[in-house]
Amino acid sequence: MLGPLAGVPMAVKDNMCTTFGATTCGSRILESFRSRYDAHVIERLESAGAVVIGKTNLDEFAMGSSTENSAYFTTLNPWDTTRVAGGSSGGSCAAVAAKIVPAALGSDTGGSIRQPAAFCGVVGLKPSYGRVSRFGLVAFGSSLDQIGPIATDVRDVALVLSVIAGHDERDSTSVDRPVPDYLARLDRLVKGIRIGISEEYFGEGLDREVREAVQAAIDLMAGEGAEVVPIHLPHMKYGIACYYLVATAEASSNLARFDGVRYGYRTPRPSDILDLYESSRGEGFGPEVKRRIMLGTYALSSGYYDAYYLKALKVRTLIKNDFETAFERVDVIASPVTPTTAFGVGEKSSDPLAMYLSDIYTISANLAGICAISVPCGFDSQGLPIGLQLMGPAFGEEHLLAIAHQYQLRTDWHACVPPLGSAVSRR
Amino acid sequence: MSDQTLTTRTIVGLEIHVQLQTKTKMFCGCPVRFEAPPNSCVCPVCLGHPGALPVMNGQAYRWAVLTGMALNCAIARHTKWDRKSYFYPDLPKNYQISQYDLPLASDGYFEVQVGAGTKRVRIRRAHLEEDAGKNLHDTGNCTLVDLNRAGAPLLEIVTEPDIESAEEAYVFCIELQRLVTHLGVSEGVMQKGQMRFEPNVNVAIESQGREYRTPIVEIKNLNSFRAVRQAIEYEAQRQTAAWRENADYQLGTVPNENRGWNADKGVTEFQRGKEAAHDYRYFPDPDLVPVEVSDVMLEEIRAMLPELPIARRRRFAEQYGLSVKDAETLVEHRATAELFERVVAGGAPAEVVGKQLVNVWLKLANDRGVAVTDLGVDETRMAELAKIAADGTVNKTAANQIAEIMLSRGESPRQLAEELGLVQVQDMDSTRRWVEEAFTANENAVRDALQNPKKMQAAVGFLRGQAMKGSGGKADPKLLGELIEERLARLRTGS
């Protein structure tokens, strides 16, 4: 019998281990590394009949929002090649947008699926934490990382999710609960659902055209019978600060294994073991990775742990509680994915903080462990895609996908094709 | 300062690492095998490959809790795993998964027999962690790394500094080894590094009404009981001498340090100071979920708790009337203790069974280098032998002979005794004749038995031996003894 993805060519982000090809994580330090095993999601895709045709570019170790931090290439935006594809799953989103593959896998630690999906005009889902096994995903922020599907429409995203979701005993954080039939439930109507709107997502820094497109999407659903409910997420404003402590602390520890001793890059002539460590890592890691390792190491150091890491964990709990409270009253929360559309190549690469702020609307979902999806909802005046973010409660993918699907049944933004090499633009 | 006014007291706290004998490692499915070729028991998880994730070994956790219970500890209902970060080539992830602020067991105690008294040593905590691999430095100009051991489950037990001498530490370590092997959670083999000891030692010196304390020295990685005793003895002397030489050699003034034990020279050697405490940057491991211990799980583990060696030793002495020494020998190995009780349950008198196990069966087993349970003689036949010894069918000497023959022959002890002519002769006349013969042939001994108080006892013993020999081992020693006394008494009164 043919699997649900029989013959479907797919691409996967190059931070998922594959026994074929390389697994570089966009880093020099893993240039020569070959994995001895396949990630759980690779096994799942292949047993469903998918053909993984290649690995896609990313910011080094998934650290970045533009795919400019790759040690190998910069991935460009298919809608405008002077602009970034977003990141860190920029390669996977660009590949889907450019119609190289119908679907791809990305990973999302603070928005790394949704932000590039919005920039590239495709659909990207960050599943709830624990929904998809992380076994074989090279860890960045272990308590935040989640693998998710990217495709041109919600139906394909739902199909891929149904293949990769589910318990895996090799990942203790993967949750043992049944996987619903996501495809079967897509036809659930928008009428009567409650959409939460929080002013925290519409504040200063949000581009006017993005705001209008997102508002139009919300209006459309309201017109279909959805109820729009104002909600408040008081701790969301601490999201970025909290995230850059938790994620970097975990990263500093997760990346300690790349030391030149057992695999990966080793400096040619180390003078002693300390030099082997320092030079291998110094030469193997790029600047953003080093910056985050240093930040995280600092946050975990004795004397600073309570003030930074422990405090961040407490804030994280507050953010999680905010969402839990909100989801008692609403089915989904609607917001922009990003404050702006795709920015220019090089525009933010010398300003890390500005780069970090491009994830301001996506980060909280990772901290809270909930599911969130990015769907195309328009274009700005320069012809760049705009993304609508819909967030659902933990393990609420079934409902979230249905609502996003119903939105897409009433719009055709996702059907637009970038003008790469042809005169075809918007339909 | 004059030496007359100086008294010293050694203060020792122990950190003990016990490797649990689980089939697989702490966080992956690799076997733990000491003899395996280097790097043959490894997988992406214990090699620290990218993307690999740990999964807790439930058996290791249950055994750790069991050991915590045996150490009278409070068992935590909620614990978690923490990462302890440091870079070293034998540590594949460059962090060790351990338990930092929530150990699975804490606030216990362990009692050991020191001399005639009982010493109670408080247990501060016990926690689980993964072992590191081994760096092999003796291979020319490079260091090789063997990661077979990386990820093996280790139980770290930390005592309070209640131990007051090298001897106490020595006894404590032996008794702890006895405990973990008794529980079946570890083989406890020193040569395989399955138990490693790190004593923290300092000395309280009392001089002219004041007390001084020397800096605390941690002696790293001792792997024999002897080394524990010698290193602590040496260290106490060294620290006292250092204080004599320089009164500033005191806790808080001079930094604590780590020292290693050089067994060849019999000295401890400086490794590193502790003034700059290593920052291990502990934080909860996000790859593992916290452990919740349910009532059911606690009850299940408690049900696995066997009687502990000390308690069993006491019970054996009291319930069965065994000597303390015999009870200790029987409890040395759990299998022996359990065999003893099975033989007794077979209806044989406990005292005789105890003597035969200690003096006959264990000796036969030791001579052959096998466990007493592997001698090929089951509890039923052992009980039979004890019975015919107890009811006077055979005497002790004959029973010993029969036991050895039982190793190669399957007949019942009674049959063997008859076949070999070892059935004890109760006949008064024959026994009297053997006594007469012994007395006639050994006049000097008879004289000593009657007149030389210093040699009296030995002489009587000698006469008994000679008479037994004359009987061909068949005489009833009790009757023999009675008749010898009777004869001596008659000689004394001149009748």
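Since this is a predicted model, take the numbers as computed values, not measurements.

Draft legend 1. Structural context of the overall build of chain A. The number of helices and strands found in chain A is twelve helices and twelve strands. Overall, the C-alpha framework of chain A stretches about 70 × 50 × 45 Å when taken along its three principal axes. For chain A, with 427 residues in total, the buried portion stands at 62%. In chain A, 75% of the contacts between residues at least 6 apart in sequence involve partners at least 24 apart. Positive and negative charge centroids in chain A, built from 39 and 47 side chains respectively, lie 2 Å apart.

Draft legend 2. Inspection of the nonpolar core at higher detail. One finds Leu45(A) and Phe61(A) to be the most contacted residues of the largest nonpolar core, which totals 116 residues. Excluding residues that lie within four positions of it along the chain, Phe61(A) makes contacts with Cys25(A), Ser27(A), Ile29(A), Leu30(A), Val138(A), Phe140(A), Leu255(A), Phe258(A), Phe285(A) and Val289(A). Membership of the second largest hydrophobic core comes to 70 residues, among which are Val112(B), Val180(B), Tyr212(B) and Val217(B).

Draft legend 3. Region of the structure containing the pattern of salt bridges. Enumeration over the complete set of coordinates arrives at 55 salt bridges over all chains. Close ionic contact of Arg213(B) with Glu211(B) constitutes a salt bridge, the shortest N to O distance being 3.1 Å. In this structure Arg213(B) comes out as partly exposed when scored by relative accessible area, which is 33%. By relative accessible area, which is 41% here, Glu211(B) ends up partly exposed. Linking Arg259(B) and Glu257(B) is a salt bridge whose minimum nitrogen-to-oxygen distance equals 2.5 Å. According to the relative accessible area criterion, Arg259(B) is buried, its value standing at 10%. Through salt bridges with shared partners, a single network forms among Arg134(A), Asp171(A), Arg83(B), Asp285(B) and Asp287(B).

Draft legend 4. Structural view of the packing of aromatic side chains. Applying the stated rule across the entire model yields 31 aromatic pairs over all chains. Look at Phe33(A) and Tyr263(A): their rings are 5.2 Å apart centre to centre, the planes differ by 50°, and that puts the pair in the tilted class. Taken together, the positions of Phe33(A) in the loop between β1 (9–13) and α1 (40–47) and Tyr263(A) in the loop between α6 (239–254) and α7 (273–284) put the pair 230 residues apart, joining distant regions of the chain. A relative accessible area of 4% places Phe33(A) in the buried class. With a relative accessible area of 10%, Tyr263(A) lands in the buried category. Relative to Tyr308(A), the ring of Tyr304(A) lies with its centre 6.3 Å away and its plane at 25°, an arrangement referred to as stacked. By the ring-pair criterion, three or more aromatic residues cluster together here, those being Phe33(A), Phe61(A), Phe258(A), Tyr263(A) and Phe285(A). Sitting above the plane of the Tyr280(B) ring, Lys84(B) keeps its charged end 4.4 Å from the centroid. Residue placement shows Arg120(B) over the ring face of Tyr109(B); its charged tip is 3.6 Å from the ring centre.

Draft legend 5. Geometry of the interface of chain A and chain B. Facing 38 residues of chain A, the contacting portion of chain B comprises 31 residues. When the area that chain A buries against chain B is broken down by residue, the three leading residues are Arg36(A), Ser172(A) and Arg257(A), summing to 22%. Where chain A meets chain B, there are one salt bridge. A salt bridge links Arg134(A) to Asp287(B); the nearest nitrogen and oxygen atoms lie 3.1 Å apart. One can count 19 residue pairs in polar contact (both at pLDDT 80 or more) joining chain A with chain B. Elements with a minimum of two residues in the side of chain A that touches chain B: α6, α7 and α8 (287–300) of chain A.

Draft legend 6. A look at the layout of surface pockets. Computed from the structure, the second largest pocket encloses a volume of approximately 920 Å³. In terms of lining, the second largest pocket is formed by 32 residues, of which the most central are Tyr129(A), Ser143(A), Arg316(A), Lys320(A) and Pro290(B). When contributions to the lining of the second largest pocket are tallied by element, the ones reaching two or more residues are α9 (306–326) and α11 (363–368) of chain A. Counting residues per element, the lining of the second largest pocket draws most heavily on α9(A), at eight residues.

Calculation criteria
Residues numbered from 1 in each chain as written. Chains lettered and ligands numbered in written order. Predicted model: local features only at pLDDT ≥ 70, side-chain atom pairs only at ≥ 80, totals over all residues. Heavy atoms only, no water. Helix = DSSP H or I, 4+ residues; strand = E, 2+ residues; numbered from the N terminus. Buried < 20%, exposed > 50% of the residue type's maximum accessible area, 1.4 Å probe, protein only. Contact = heavy atoms within 4.5 Å. Lys, Arg positive; Asp, Glu negative; His and termini not counted. Charge placed at Lys NZ, Arg CZ, Asp CG, Glu CD. Core = buried A, V, L, I, M, F, W, Y, C linked by side-chain atoms within 4.5 Å. Salt bridge = Lys/Arg side-chain N within 4 Å of Asp/Glu carboxyl O. Phe/Tyr/Trp six-rings, centres within 6.5 Å; stacked < 30°, edge-to-face > 60°. Lys NZ or Arg CZ within 6 Å of the ring centre and 35° of its normal. Buried area = accessible area lost by both parts, 1.4 Å probe. Polar contact = N/O pair within 3.5 Å; in protein donor to acceptor, adjacent residues only side chain to side chain. 1 Å grid on protein atoms, 1.4 Å probe; cavity = no way out; pocket = protein on both sides within 12 Å on 5 of 7 lines; lining within 4 Å. Points joined across faces, edges and corners; volume = space filled by probe spheres on them.

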